[in-house]
Structure formats: C-alpha cells, structure tokens
Amino acid sequence: MDDALLDKLEILADAAKYDASCASSGAKRRTGGPDGIGSTTGAGICHAYTPDGRCVSLLKILLTNYCLFDCAYCINRRSSNVRRARFSVDEVVRLTLGFYKRNCIEGLFLSSGIIRSPDYTMEQLMLVARTLRRDHGFAGYIHLKTIPEASPWLIEQAGLWADRLSINLELASDRSLKEFAPEKDGTAIKAVMGQVGERILEAKEEKRRFSPAGQSTQMIVGADASTDLSVLETSDTLYRRYGLRRVYYSAFSPIPEASSALPAKPPPLQRENRLYQADWLLRYYGFTVEEIAAGGEGGMLDLGIDPKLAWALKNRERFPVDVNSADREMLLRVPGLGARAVDKIVEARRHTTLRLEDVARLSSGLKRARAFLIAADHHPGGLTDRADLRQRLVAPPKQLSLF
Amino acid sequence: MYRVDLKDGADLDGFRRALRGLVALGADPGEVVWSVGAAPSLFGDDAPLPADAPPVSLPRPVGALIESVVCHRDPERYALLHRLVWRVLRGERDMLDHHADPLVHRLALLDKAVRRDLHKMHAFLRFREVRDPDGAERYVAWFEPDHFIVEATAPFFVERFESLVWTILTPVGSLQWDRRSLTVGPAAVKPEGLDRDDRFAEGWQRYYESTFNPARVNPAAMRAEMPRKYWANLPEAAAIPGMIRSAPARVQAMIEAEAATPRRRNPDKAVAAMARQEPATLAELNRIILAADPLVPGATQAVPGEGPVGAAIAIVGEQPGDQEDLEGRPFVGPAGQLLTRALEEAGIERSAAYLTNAVKHFKFVARGKRRLHQSPTAGEVKHYRWWLMKELGFVRPRLVVTLGATAALALTGRSVSVLRERGPMGFGDWNGFVTVHPSYLLRLPAGETAEQAYRDFVADLRRAREMVGEPPDA
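Predicted model, so just to flag it, every value in this text is computed and none were measured.

Rules used in this analysis
Residues numbered from 1 in each chain as written. Chains lettered and ligands numbered in written order. Predicted model: local features only at pLDDT ≥ 70, side-chain atom pairs only at ≥ 80, totals over all residues. Heavy atoms only, no water. Buried < 20%, exposed > 50% of the residue type's maximum accessible area, 1.4 Å probe, protein only. Helix = DSSP H or I, 4+ residues; strand = E, 2+ residues; numbered from the N terminus. Pairing = 2+ DSSP bridges. pLDDT = per-residue confidence, 0-100. Domains from an automatic or database assignment. UniProt positions renumbered as here; feature names shortened; annotations may be inferred. 1 Å grid on protein atoms, 1.4 Å probe; cavity = no way out; pocket = protein on both sides within 12 Å on 5 of 7 lines; lining within 4 Å. Points joined across faces, edges and corners; volume = space filled by probe spheres on them. Nonpolar A, V, L, I, M, F, W, Y, C, P; charged D, E, K, R; others polar. Disulfide = S-S within 2.5 Å. Expected span 1.5 Å × (residues − 1). Contact = heavy atoms within 4.5 Å.

Caption draft 1: Fine view of the pairing of strand 8 (residues 313-317) of chain B. All names here are of chain B. For strand 8, a buried count of 5 out of 5 residues is recorded, marking the element as mostly surrounded by other parts of the structure. Pairing of strand 8 with strand 12 (residues 399-403), which is carried by 4 bridges, proceeds in the parallel orientation. Across the sheet, the residue bridging to I315 is V401, located in strand 12. Examined bridge by bridge, strand 8 and strand 9 (residues 354-357) share 4 bridges and lie parallel to one another. Of the residues in strand 9, the one forming a bridge with G317 is N357.

The following block contains the structure:
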C-alpha cells in the first residue's frame, strides 16, 4: 500500500462515515474453505469501537466521493469544496482483503457518489463484489449501497454477490427530499425497495442466493422539520410494505463545508437514541406508532425518558402487572424489562413463584420495573399512581460544583 | 473428604474424569475439595476416585454449559459445576430453565463472561503479516484473553483463515495453523517487533481515525464495548486520546465556519448525461446481456435474441438449451430445428422473424455427462423480463408469439394455461399470440396425437402470419 492509496483511504473513509449502518449480521453461515478466505457467522462482529461509541465492523468506504447530485445534507454534494478521490475496483478489493486477513473487519460496506451515470456507478460497485467473490473466493460480508436511479438488472446483479443491499431514503417526507435533495426521487427510491424486497422473497422461496441478509435504509434526523411521528410512520411502512430488515436513524451531524441551506449545528443525539428505542418497540415489543407517539407531545418523543416508560406513565391504569401471571405481551410493556428478561421470567415462573429478588437476577432494569410490577413478596401500592413517579425514576441531575 | 487435582487452565478432560468418579461414588459436593495446578496433597487421607467410572448422562444444555464454564478463571468453577450436576441427577433435570435459582444464575454469569471473552478475542485479535525468508505470507497475533479460551477460539480462526498460515500467541497458550493442521502449544511471551513493516497496519490506523465523527464523541459508550484492557494490543487504540482531545475544537470549527460558498460548476451537462444511461440500441443491450452473470450459476454464456430490427413477428421461447448454450445462438437444438420446419410450412421465413428467449441463460442439472434442462422459476423469469421488454422495444414487432408457458408468463405476468388459452392475446403494449413450445411436441410419443399436435402448431403459426397481414398461402 503506497502513500497515494493511504491518502485516498483517508478521504473516502471520511466521506462514508455519515452512514450509520455497519451491521454484519443476518448472513447465512458460510466459509471460504481451503482456497478462499473468510467466513460469516450469522451474528456479526464489531472489530473495534471509535470514540463516538460506534462499532467498526465493515470497511466502510466510498468508491468515489465525486458526485453529480447536490443533496444539501451531504458532504459529498457536487457543490461542496471537499477533497475528492476515487478508488479503482482493484484497489477496493486489495484493501478489503488486506484488512480482512489482519482480522480488522468482517467485510466491506461499499457506497459511492454518482459519477458518469447511475448505471456506471452501480456497475462499478457490483464489479467490486463480483471480483471479491469470484476471483478471490471471499466469503466475508458484503453490503452494497444500491443506486436507486440505476437500471433494475444491475441492482439485481448486485444482489447475486452481496449479503445486504440498502438504499437510503435519507429524509422521511417527499417534500423534504424535493427541497434538500433535488435530484432524488422518493417514489423511485420506494419503487426500488419494492423491487429488491420482491426479489429477496422470491429468491428465498426458490432457494436462490439474493441479498440473503435483506435490505436496510437510513433516515437523517434533525435536518428537516419532520416530526418523530412522521419518521416512525415512514419506518413502519418500510418494515411492513417492503420487508426491510433495519431502518437506521442518523442524527444530522455538522460537516465541514456545510451548505447554506443546512448550516452546521450539534447533532440531536438524544433524539436519535429515542427513535432507536421506539423502533425496537415497533419491531419486538408489539407497540403501534400511535401508542409510541402518545407517550410524547405534539408528535415528538419525550427526550427525558425512554418511550416505553413514557407510554407506561400515561397508561398507569394498565399497571401494576403480576410477574407470576401476566401474559408475555403485557410483561413486554413493563418499563425496565427487556425481551430477553421477559422470556426468562416466563420460563422460570413454571418452576417457582417469583419474588422480587428473583426478578432482580433476571433483569437489570428492576429499578424502573418495581413501580409497575407485583411479585410474590412485592406490591407497589400507591407508588404506581404517585404524581412524582417520573421524578423518582429519572436520575436526579448531578449537583454542579460552584467555584 | 475427596480431593481432586486438576491441571491449570480449562481442564475439561480432567473434570469429566473426576465427575464420573464422584458420581459413581455418590459424593456430596460438600465433601469435595477441588484444587487446580497444585502439587498433589501431602496427606494421604483423601479417598481415591475410581479410575474407570462409567460416563454420566446429562441433558445437552448442561453439557454445553460445563464446556463453557470450565474455561473461566474462577477457582470455584469446578465445585459449582459439580453442585449443578449433583442436583440435575437428583431430579432437577430442567433446572437450567430456572433462571432465578442462585446457582443457575451464578453459572449463567460465568458462562456469559466466557462467551464475551471469546467474542472479544474473535473481534480484537489483530494479525500482523510477517514475511518468511522465502517470501511466503505468514500472520502472527498476540492477544491476552481474560479466561482459558485459547483452544475454544481455534475453530473460529481456522474456519475464517483456513487458507492462510498463522500463529496466535497468548500468555495462556498458543495456536499454530499451517493450512492443514492445528497445533496447540504452551503459553507464550509477547514477541518483539510485530509492529514493523506492515503498511496495512498503518492504513488501518488511518482508516480508524477517519471513520470517527468528532461531533458524536462518546467515550463511555466506546469503553463499555472496548474496555481499556484491550487497548494495549490494538494498534489503532494509540490514537484514541488524541481523537477525544481534539474533537470539541474540530466541531466548534465546523459550526463557526461560515456556510461554504458552493463552487460555481455547471452540472447541467453531467446531469443530462445521467439521464441517457439506458442502452440506445439493440446491440448495446445485447452487450449488457452478454456481460451479465446468470442468476443460477452454470451457464456457459448468455444467448441473446437473433433477427432483424423491425421484424413483423417476434417469437419468444423459454430459455436456451444445451446446444444453444454452447453455440450462443437461439433455437439451434432439436426444438429449434422443429420450429424452423414448422415456420417454413407456415410460410414464415425464419431469418425474417426475430427469435429470442424469455430467460437468457441455460439452467440445468448435471447427470453424468448430460446436462438436463430445468425450467426457470417465476422469480427468474421476472428477473430477465426487463431485458426482454427492452429488446421488444428495439425490435418493435407487430406481433409477439410466445412458445410455451414460460414465455407467456414473461409477457403477461401471470401463469397461462397454454393448451386452453392458445390463440391471440393482448400483451399490454403488444399484440400477442400464445402457442405451445416445440419441445412439448418432441416429448409427445410418436403417433397420431403427436402428428395432430404438430399440425395444430403449424396452423397457429399460419394464423400468426395472417394476423400481421402477410398474404395467405398461394
């Protein structure tokens, strides 16, 4: 690896880092064998964490950050003064294999600015994946970003080699897309999601290999005026209609060379965090978008407490629930109890009547749960309905020392 | 009292042997002293364990838990496992489901710690490339796990790096893989000079720094998953303090910087060019088709359509067969020859028609030397449909004749019963005509039925010819 390649790596990693997705999970177990290289384990591995707390699992780079599009939120928009670079197909292959052999990564997450034409760009991405798989027997994880404006056949060729395909919606509403990403077309993006979703389902039924780890997308939060309610409604539609595996939320983050349409400001990290929590409630806890939104005010989630606690505080008549007799769905709604803790409770209570200390061994969230739970030796009494319950459950702000 | 001496580390075999003996004797866990890596007892008053006690039958999850927990550093691990087995054998066979039981909970914590340690070793171990004197590629890693997991991690590294030669060194054991066999070795010391001469290691550090977003700095979240104890052996971690220190200033600078004045570059031409990416001619489309990979691996090459642009009739078959796949031309095998004959009898010149297939690659199963045709699935037909539609768009025939069910499916998007629905049919933008595939005629046993079927096929083609206005037979 020479200095020129190192410089390109720096530019094109920096250019790719605003994409939140880095998952390497969901692929079937697979190994490269004696002539290939690599394996996938199904669960994915984070090989490092950066000081922003994010996991480094895949080599996340752009093929190039030259771009014909002019999306206001993006550091790589054509009107930005950022430094530009471009990898060859071969360079990306070499970097991926070099880092993979050193056990730095699970695989590659490749995206790109749009150069020449969407088809040309998509074809280059596909060629990287094909070269890795066919010429090097690479069995690690490959996530390709799909260029929604590219021809369908190219996207489908990409699905032959990739573990996951994704298309970023970026903004929750078509109106915002028009305003901030004039070359993008929300309808076209969803049409491709539909196409990819259909192919994934067909391939599964026909036992063919096509993007086996499904597809995902990302929405930027805090760049436009979309409410949490409208973001979650969009997610809900994406999960239901297109069978998406994941929706990622990315707090709009200040970028060098910010556009005058969206000047730099600190990212709304807490909001992003609450959206992820709400997303889990949607997918694994049986909540509806309306219920989640009702926990907050005016379509925005409560930033001070998690959305499950917010819902419980507004629906206290449903509590307390008895840990020894409540059904699984209701236990999932108890603040502080995660899905895994609930499963353990359901299994353990067949053997014994659970006391509060038993629950403490099964869940680390007992502090929040105890106001909503009845156990063999515990009843919250009036605690559930106390007006100051919220204050009691939220950690008091740390005393500032005054000098 | 019983005293059991086990080896240092994860002595699964020793524990298994001792457990069999203890179970055979009916020893109460309270009467057993477990000692690890110590000199044998000086006092000879401990009862000896029977050497060849029979195996103990345990539920599978208990066996798996034992294999994991023996890797833990906790000196109490063997005693805890013995108590678990003792209770399981005394009737609590499902006791692992009783997650709130203090013993089960304690063992679950040990198991979790071991599994986390395994996971972190898979994640944070870094290989360095060292060149052998003969120039061969070889990789070496140094890692310090919390527990006795080195052997337990071997399957992961062997599976992933089977084609490489590598060595993993740790303070509690080592592994060596030569592409064929694994050698488990003794504890090692950290080798000197691993950091030299590996540009990829330098590249990795640059990547790590570049992929960090200073506006989201959150060291606590990082340390929760990547505690400091791992940093010493992670080359990229050397940059962490500097990255955290400079983050606030970098963010401040971004926020205070005035919004950038966009470069005055007129993108209109480039953006217009973008819209012209679709293939403009049939030849361009065919180049794309020929360069594409088959959806189901196996085919020699793609077989594009054949015939003049502007042909009055386009004939769509199912997919190339064995011979078509080898020659790269449509309808040259037995069914193709039959089609050519039928076309002739119907008064259609083969070279004046456009011939193509719904699916462009041959799909087969190998049976000895023979390649047996396999019908494409509905999903595969859909995948190839985009090309077929483009193709017809360039040829612009006045009539599209589909041969067989697959072609009819490609044009209509639904499953068509060919024998019942044969005849004219609208295909959206195209006037269509549905008839049988000549390979169906070849499959019929010779006789009156087959001859009648062939006559019907020729009659269909004749009708098709009349539909495009060619004069009837003279």
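From this point, the discussion proceeds with the structure in view.
Caption draft 2: Focus on the confidence of the model for chain B. Summing up the model confidence of chain B, the mean pLDDT is 91 and the portion of residues at 70 or higher is 93%. Predicted confidence in chain B is weakest over helix 9 (residues 268-275) of chain B, with a mean pLDDT of 67, and strongest over strand 9 of chain B, with 98.

Caption draft 3: Examining the domain arrangement of chain A more closely. Entries for chain A in the domain assignment read domain 1 (3-267) and domain 2 (316-393). Here the C-alpha centroids of domain 1 of chain A and domain 2 of chain A sit 40 Å apart.

Caption draft 4: Focus on the UniProt feature "domain: Elp3/MiaA/NifB-like radical SAM core" (unreviewed entry) in chain A. Look at the UniProt record and you will see "domain: Elp3/MiaA/NifB-like radical SAM core" (unreviewed entry) annotated at residues 57-277 of chain A. Helix makes up 42% of residues 57-277 of chain A and strand 14%, with an end-to-end C-alpha separation of 22 Å.

Caption draft 5: Region of the structure containing empty space enclosed by the protein. Taken as a whole and judged by the stated rule, the model has 5 cavities of 30 Å³ or more. Of the pockets and cavities examined, the largest cavity occupies roughly 660 Å³. If you trace the largest cavity, you find 39 residues lining it, with D19, Y73, C74, N168 and E170 of chain A closest to the centre. Mapped by element, the contributors of at least two residues to the lining of the largest cavity are strand 5 (58-62), strand 6 (107-111), strand 9 (215-221) and strand 10 (246-251) of chain A. For the lining of the largest cavity, the per-class residue count stands at 19 nonpolar, 10 polar and 10 charged. In this structure, the second largest cavity encloses a volume near 100 Å³. Contributing to the lining of the second largest cavity are K17, C22, T50, D52, R54, C55, V56, L58 and K60 of chain A together with Y207, T211 and N213 of chain B. Put simply, the parts of the chain that give the lining of the second largest cavity at least two residues each are strand 4 (55-56) and strand 5 of chain A. In terms of residue class, the lining of the second largest cavity is made up of 5 nonpolar, 3 polar and 4 charged.

Caption draft 6: Structural detail: the state of the cysteines. Residues and elements named next belong to chain A. Per the stated rule, a full pass over the model turns up 1 disulfide over all chains. Note on cysteine connectivity: C46 is disulfide-linked to C55, with sulfurs 2.4 Å apart. Here the disulfide of C46 and C55 is left-handed, its torsion about the S-S bond being about -95°. The exposure class of C46 is partly exposed, given its relative accessible area of 22%. Looking at C55, the relative accessible area reads 23%, which means it is partly exposed. With no disulfide of its own, C71 lies 6.2 Å from the sulfur of C74, the closest cysteine sulfur.

Caption draft 7: Here's a closer look at helix 17 (residues 448-467) of chain B. Residues and elements named next belong to chain B. Given a rise of 1.5 Å per residue, 20 residues ought to cover 28 Å, and the 29 Å separating the end C-alpha atoms of helix 17 matches this to within 8%. Against the buried residues of helix 17 lie strand 8, helix 12 (334-346), strand 12, strand 14 (430-435) and helix 16 (438-443). Of the residues flanking the end of helix 17, it is G469, one or two places downstream, whose phi is positive at about 85°.

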